[in-house]
Number of protein chains: 4
Amino acid sequence: MSVGIAVVGCGYWGPNLVRNFWESEETELRWVCDLVPDRLVNIRKRYPAVQLTNRLEEVLADPKVDGICIATPSHTHFALAKQVLEADRHVLVEKPLCDSSEKVQQLIELAEQRQKVLMVDHTFLYNPAVRAIREVLDSGRLGKLLYFDSTRVNLGLFQRDVNVLWDLAVHDLAIMDYLIHDRKPVAISATGIAHVSGQPENMAYLTCFYEDNLVAHIHANWLAPVKLRRTLLSGEKQMIVYDDLEPSERIKVYDKGITVSDEKELRKLLISYRSGDCWCPKVPPGEALENEVLHFAECIRTGSKALSDGMAGLRVVKMIEAGSLSIQRRGAPVELDLP
Amino acid sequence: MSVGIAVVGCGYWGPNLVRNFWESEETELRWVCDLVPDRLVNIRKRYPAVQLTNRLEEVLADPKVDGICIATPSHTHFALAKQVLEADRHVLVEKPLCDSSEKVQQLIELAEQRQKVLMVDHTFLYNPAVRAIREVLDSGRLGKLLYFDSTRVNLGLFQRDVNVLWDLAVHDLAIMDYLIHDRKPVAISATGIAHVSGQPENMAYLTCFYEDNLVAHIHANWLAPVKLRRTLLSGEKQMIVYDDLEPSERIKVYDKGITVSDEKELRKLLISYRSGDCWCPKVPPGEALENEVLHFAECIRTGSKALSDGMAGLRVVKMIEAGSLSIQRRGAPVELDLP
Amino acid sequence: MSVGIAVVGCGYWGPNLVRNFWESEETELRWVCDLVPDRLVNIRKRYPAVQLTNRLEEVLADPKVDGICIATPSHTHFALAKQVLEADRHVLVEKPLCDSSEKVQQLIELAEQRQKVLMVDHTFLYNPAVRAIREVLDSGRLGKLLYFDSTRVNLGLFQRDVNVLWDLAVHDLAIMDYLIHDRKPVAISATGIAHVSGQPENMAYLTCFYEDNLVAHIHANWLAPVKLRRTLLSGEKQMIVYDDLEPSERIKVYDKGITVSDEKELRKLLISYRSGDCWCPKVPPGEALENEVLHFAECIRTGSKALSDGMAGLRVVKMIEAGSLSIQRRGAPVELDLP
Amino acid sequence: MSVGIAVVGCGYWGPNLVRNFWESEETELRWVCDLVPDRLVNIRKRYPAVQLTNRLEEVLADPKVDGICIATPSHTHFALAKQVLEADRHVLVEKPLCDSSEKVQQLIELAEQRQKVLMVDHTFLYNPAVRAIREVLDSGRLGKLLYFDSTRVNLGLFQRDVNVLWDLAVHDLAIMDYLIHDRKPVAISATGIAHVSGQPENMAYLTCFYEDNLVAHIHANWLAPVKLRRTLLSGEKQMIVYDDLEPSERIKVYDKGITVSDEKELRKLLISYRSGDCWCPKVPPGEALENEVLHFAECIRTGSKALSDGMAGLRVVKMIEAGSLSIQRRGAPVELDLP
């Protein structure tokens, strides 16, 4: 039996969710809700069978709606998700989950009380390439992880209410949180700049210090001439380059690295360098959003926690808050206190 | 009349200088000096006509030696350059000029007293691509510069006495100092990590804040699976991507950017996006070191200041010192006081 | 007033046409026709408002259908297009127009008698990059064209009824026919091989000789490990590289070439080499099929000839026939007699 | 004991041979011979210890010269190599071995009579990447080879006496001859064009038909805006892409292909497609010429046949002759009769 769905918000990202909920065998898209009439007209043209409204109340009045997907501006996420949970429906919220960690905390508690699914749209956790990287990491072949370095830049839309960390770096933080699940981040130093006066920062560099000599770095930028989506992950034994724009070999695993040996006699360290073959695991086909929509439906049916649950959303929002604060302090580190 | 030259130090970089001084029409390579006998054997095999020694004194005793090039480990630069200047010879010192700004200051004063050329081997200032970028910038076509972002990573030799800022970022800082000659850097925030216990940092991220809303960022890394040498420069009107590894189009100038207009009536900013043609200026052929060697000879002959003079070396060393201090403070900013 | 459309055939390519006819403001997609019930089920799911049938007669009985698009296997094109034209409707036929030039000739005559649009789906003629190249060529900046070289390879579906010339090279021949409109092809030499016994050739190399020292070459291959879509066009003054898979600079115009001068005194030719800047014209956004669908609608409304009309289809089919014959003769040239 | 060497010809390629013979531990470069005085001046500047002359006789008078390397224009190879062999010295001749297969045949016979090494400078046989490909092929992992496709284009020097097959395609033919050592080529079809009136063809396409459904194709071009050096090799099980300009992964082995199964019941072939991981074997460091020079020295010392012996030179020259003849016939096939 398929799960009844409504999508709230049809601006930039919403139509992708609409399409995937419409096409999935596991979900029945019953409603699309938006305040802008033109957007609903476009939905009607493509999906004449879907009901349209500009009132969330009307959606909540339909008992066949099991889960609601919120794809509105981030400052509205909290109020809408709260309303949905209080109406005893499951909710999937576009990233970032809320515009403050305090609000995320409230939603987590509410979802727990109501025994409902609270899921955040950390899309890349459902991307087959990121899944494949997680498998490589979990296999242990990289050895102990040394660093994570991600670049996500292009000439992108300047957001008015949030800085580039909330809009772009959120993806890398979510990927990082998913891939590095067994080490604890402890502090963040970030720098950034707002090139349009009075607007939020349009470019940012964020370093996240982990326990035990691991470091992560993210470069997020709305004002770059080229589109780059590249992540390096280096372990003690092997290293990964993940280029999401590469058409054929998106993931390359290099048998490269250094070996450190302690020469007792010589009382010095010897560092030797290894450079071997490279291996590019096949990335299974499939669209991230399709996988995500299936996962949401499954969580609703089985009552299980989402991979990108409220806690994942909380950790990411707390890191963005720390990063934004560090930017104000021109890089001075901000301690993290993650759950 | 050609200028008499000696090269001191024949380890990793010295042989490149030896080759260029040997091949240049403007210089006569008279001596190569090194403490390691095997290195001198290699020089003898290729350049039987060059005199060899392990004593700088012997070189300084040759009245036909006008200029001496120091290509030894950086902690020895100061003492050797001082000895050369005190013997009233011109000196070209491998980067970094010294391992502290205080020593650089002393060399600058000494060179001034002795009226001798003090030049630092900031090789990229003599690279035809960097020269071409400077021309593009000086033409004004980019508009006001907004940021400089440079990545210089590969699986490189771990240095024992200096961190990766002294070894790799020094190139980007020298390029940045050369290209952005009309704006003033005011503070640096940097983060980094040493993956080999007891050794200096092998990867670092450095943000340099300039006056008037300009920011520069450098990623330097000895422990990366791939070699990247890429610099982005964005102006208000156009943007540059410089990829030093690109065989054909090393410099791309994009007619891309944003236009900000103030809608008085609406009391809000309108940001519009432009995306036009791309233009790749031809980079003239020629090796950087060849140009540099010619420049050193010319400065000796004419008594003119080198493009990469002591002051350039001083500014770069001061920025590395500030960066290294900020790394110790996990990103807390360090003010710059550049001459 | 929008033009009434039916699409016949919903296998591999048909759904793309369906989507574009559905989304275009200029057309009203009234019918989709296919013999395979499952395909119609998929159409119903996405486009519930479109009427479905497995009988062309039913489509032709609808007076509001102005134009019919045939996207069935190529051996059925002739009979279906004939039926459509005889029912006095305009027709757009997937490439290749027919599986023989004789049949194409008949369709051309029939379309003329009935005063109907006969258009072939040479998609790349509506691709913004190919349009931009045509503009560069027509501007004269390349000088006299010297050669056209195109590579179109990937691991593609092996067709059972036609060789790779009919399936892949047809695109390059259509592009070539469009771009080189002022020179006349005179003969073709082609080689190829069928790696699956009893099946048509899955890879082919085709050289087309033009009058006046111009040559074109096409490599088409269904059995390649990587996807390549690259075309070189060299003129006497400048040269173009068109890489359809390149995300940002799809077209590069190089100010490169040779200059031949006749040294009377020396009684020999001097060839000098030029290498200057490179320029990448911005390719306007837009999907080829969207442009094509608009063009079909416009031709129906205005009665004008299509850019890819029956004659274009005829020239391309004749070249494929000559190429296929030459393949049988292991490269022996076959003269062309194009209209 | 090192082998005494002379190099005859110091134009474009000779200096590379000079450098490698000079630097090798196994050879003693005793003489460089050229008719152009300026070239000898350059040699003297870099290698003051080497004796210079413009008379081959002087070289042959030195009893310590064991082997002579001919790097002169190809029409002079035969006479010079003959003179060397008749003086009972070993000879290494730049590619192509001679400008006709008849002359090659004579040299082979002469070398046999005199029991001397006759080696041709098929450089790529000593290239570590080509060696690595040969190992992959010999391992059988590709399955039965289906095709070889090579592109070698750039803006290169127009030769006056020979067409582009003799100058560029010779490399690919030598590689092909080396890699495909267990299948027999039977005919060649080639097309080409001379864009400068009265000069030899500056671009050519060559198809080589092998026994048993294997085909090879080479595109050689002096008039291309970009430099391409890419070879595809497809087997029944796996496929190789070799890009000699790729800095890091020069060889990629794709676990891709088709599987053909014969469905007896259905009386039709089923073709299924495989697409798996990609593997990039590490290419050992080392310069081809360095390996080649060592091999020549070893053949001289041991009296063994060179890998690129006279017979290899003969096969390649016969293929070039067949290709050139086919070009005259606009692609009509020319049978091969290889030894």
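Cut-offs used in this document
Residues numbered from 1 in each chain as written. Chains lettered and ligands numbered in written order. Predicted model: local features only at pLDDT ≥ 70, side-chain atom pairs only at ≥ 80, totals over all residues. Buried ≥ 20, exposed ≤ 12 C-beta atoms within 10 Å, placed from the backbone. Helix = DSSP H or I, 4+ residues; strand = E, 2+ residues; numbered from the N terminus. Pairing = 2+ DSSP bridges. Right-handed = clockwise from strand over helix to strand, strands pointing away. Least-squares fit on C-alpha atoms with pLDDT ≥ 70 in both. Contact = placed C-beta atoms within 7 Å. Nonpolar A, V, L, I, M, F, W, Y, C, P; charged D, E, K, R; others polar. Core = buried A, V, L, I, M, F, W, Y, C linked by C-beta atoms within 7 Å. Domains from an automatic or database assignment. Axes fitted to C-alpha atoms, helices over the stretch in contact; angles between N-to-C directions. Arc of directions from axis to C-beta. pLDDT = per-residue confidence, 0-100. Parallel < 35°, antiparallel > 145°, perpendicular 65-115°, else oblique. Left-handed = near helix turned anticlockwise from the far one by under 90°.

Caption draft 1: A look at the pairing of strand β5 (residues 90–94) of chain D. Residue and element names in this part refer to chain D. For β5, the buried fraction is high: five of the five residues fall into the buried class. Neither face of β5 is open: one carries H90, L92 and E94, the other V91 and V93, and all of them are buried. Pairing of strand β4 (residues 67–70) with β5 involves four bridges; the strand directions are parallel. Along β5, the bridge assignment pairs G67 with H90. One ladder, built from four bridges, connects β5 with strand β6 (residues 118–121); its direction is parallel. By the bridge assignment, V91 is partnered in β6 with L118. In this fold, β5 hands off to helix α5 (residues 101–114), which returns the chain to β6; that crossover is right-handed.

Caption draft 2: Quick peek at the relation of the copies chain B and chain C. Overlaying chain B on chain C yields an RMSD of 0.1 Å, the required transformation being a rotation through 180 degrees with an accompanying axial translation of 0.1 Å. Here the symmetry operator amounts to a two-fold rotation axis. By C-alpha distance to the rotation axis, the residue of chain B lying nearest is W279 of chain B, at 2.3 Å.

Caption draft 3: Region of interest: the interface of chain B and chain C. Contacts between the two partners involve nine residues from chain B and, on the opposite side, nine residues from chain C. The residue makeup of the side of chain B that touches chain C, split by class, is four nonpolar, two polar and three charged.

Caption draft 4: Region of interest: the interface of chain D and chain C. Taken together, the contact pairs 38 residues of chain D with 38 residues of chain C. Those elements that provide at least two residues to the side of chain D that touches chain C are β7 (145–155), β8 (185–193), β9 (203–210), β10 (215–221), β11 (223–235), β12 (239–243), β13 (251–263) and β14 (268–280) of chain D. For the side of chain D that touches chain C, the element with the most residues is β11 of chain D, which contributes six residues. Residue composition of the side of chain D that touches chain C, by class: 26 nonpolar, ten polar and two charged.

Caption draft 5: Here's a closer look at the nonpolar core. Residues V7 of chain B together with V7 of chain D are the most contacted members of the largest nonpolar core, which totals 450 residues. If we ignore the near neighbours within four places in the chain, the residues touching V7 of chain B are G14, L17, V18, F21, L29, V32, C69 and A71 of chain B.

Caption draft 6: Structural detail: the pairing of strand β4 (residues 67–70) of chain C. Residues and elements named next belong to chain C. Burial along β4 is two-sided: the face carrying G67 and C69 and the face carrying I68 and I70 are both buried. With four bridges connecting them, strand β1 (residues 3–8) and β4 associate as parallel partners. Across the sheet, A6 pairs through a bridge with I68, a residue of β4. Assessed by its sense of winding, the connection that carries the chain from β4 through helix α4 (residues 77–86) to strand β5 (residues 90–94) is right-handed.

Caption draft 7: Looking closely at the relation of the copies chain D and chain C. Each copy of the sequence occupies a distinct position, and chain D is placed on chain C by a rotation of 180 degrees and an axial shift of 0.0 Å, giving an RMSD of 0.0 Å. A share of 100% of the interface residues of chain D reappears at the interface of chain C, consistent with the copies meeting face to face through the same patch.

Caption draft 8: Region of interest: the domain arrangement of chain A. All names here are of chain A. Here chain A is described as being made up of domain 1 (3–124 + 288–309) and domain 2 (125–286 + 318–335). Relative placement of domain 1 and domain 2: their C-alpha centres are 29 Å apart. Contact residues are listed per partner, giving 17 residues for domain 1 and 15 residues for domain 2. With five residues, helix α8 (residues 288–302) is the single largest residue contributor to the side of domain 1 that touches domain 2. Taken together, the residues of the side of domain 1 that touches domain 2 break down into five nonpolar, eight polar and four charged.

Caption draft 9: Representation of the sheet that holds strand β2 (residues 27–33) of chain C. All names here are of chain C. Taken together, six strands build an open sheet; the order of strands is β3-β2-β1-β4-β5-β6 and the sheet is parallel. In the strand order of this sheet, the two ends are held by β3 (51–53) and β6 (118–121), each with one partner. Each neighbouring strand pair of the sheet contributes to a mean axis angle of 25 degrees, computed without reference to strand direction.

Caption draft 10: Highlighting helix α6 (residues 128–138) of chain D. Residues and elements named next belong to chain D. Every buried residue of α6 is listed here: V130, I133 and V136. Seen end-on, α6 carries its buried residues on one side only, within an arc spanning 115 degrees. Those residues of α6 that are exposed and angled more than 90 degrees off the buried face are E135 and D138.

Caption draft 11: Up close: the confidence of the model for chain A. Averaged over chain A, the pLDDT score is 95; the fraction of residues at 70 or greater is 98%. ipTM for the predicted complex: 0.95, alongside a pTM of 0.94.

Caption draft 12: Inspection of helix α4 (residues 77–86) of chain B at higher detail. Residue and element names in this part refer to chain B. Taken together, the buried positions of α4 are occupied by H77, F78, A81, V84 and L85. The arc that holds every buried residue of α4, seen down its axis, measures 130 degrees, which confines them to one face. Where α4 is buried, its residues touch β4 (67–70), β5 (90–94) and α5 (101–114). Looking at the residues trailing α4, positive phi occurs at D88, about 60 degrees.

Caption draft 13: Local environment of the sheet that holds strand β5 (residues 90–94) of chain A. Residues and elements named next belong to chain A. Spatially, the six strands line up as an open sheet ordered β3-β2-β1-β4-β5-β6, and their pairing is parallel. Here the strands that pair on one side only, and so sit at the sheet edges, are β3 (51–53) and β6 (118–121). This sheet shows a mean twist of 25 degrees between the axes of neighbouring strands, independent of strand direction. As judged from the three bridges shared by strand β2 (residues 27–33) and β3, these two strands associate in the parallel manner. Its bridge partner lying in β3, W31 is registered against Q51.

Caption draft 14: Here's a closer look at the environment of H90 of chain B. Residue and element names in this part refer to chain B. Along the chain, the position of H90 falls in strand β5. Under the C-beta neighbour-count criterion, H90 is labelled buried, with 27 such atoms within 10 Å. A C-alpha to C-alpha distance of 9.8 Å links H90 and G303, two positions 213 residues apart in sequence. The contacts of H90, once residues within four sequence positions are left out, are D66, G67, K116, V117 and I300.

Caption draft 15: Region of the structure containing the packing of helix α7 (residues 164–179) of chain C against helix α9 (residues 310–328) of chain C. All names here are of chain C. Orientation of α7 relative to α9, taken along the N-to-C sense of each, is 125 degrees, at an axis distance of 9 Å. Comparing the axis directions of α7 and α9 gives the class oblique. As α7 runs across α9, the sense of the crossing is right-handed. In contact with L165, W166, A169, V170, L173, A174 and D177 of α7, α9 contributes A312, R315, V316, M319, I320, G323 and S324. In terms of residue class, the contact of α7 with α9 is built from ten nonpolar, two polar and two charged.

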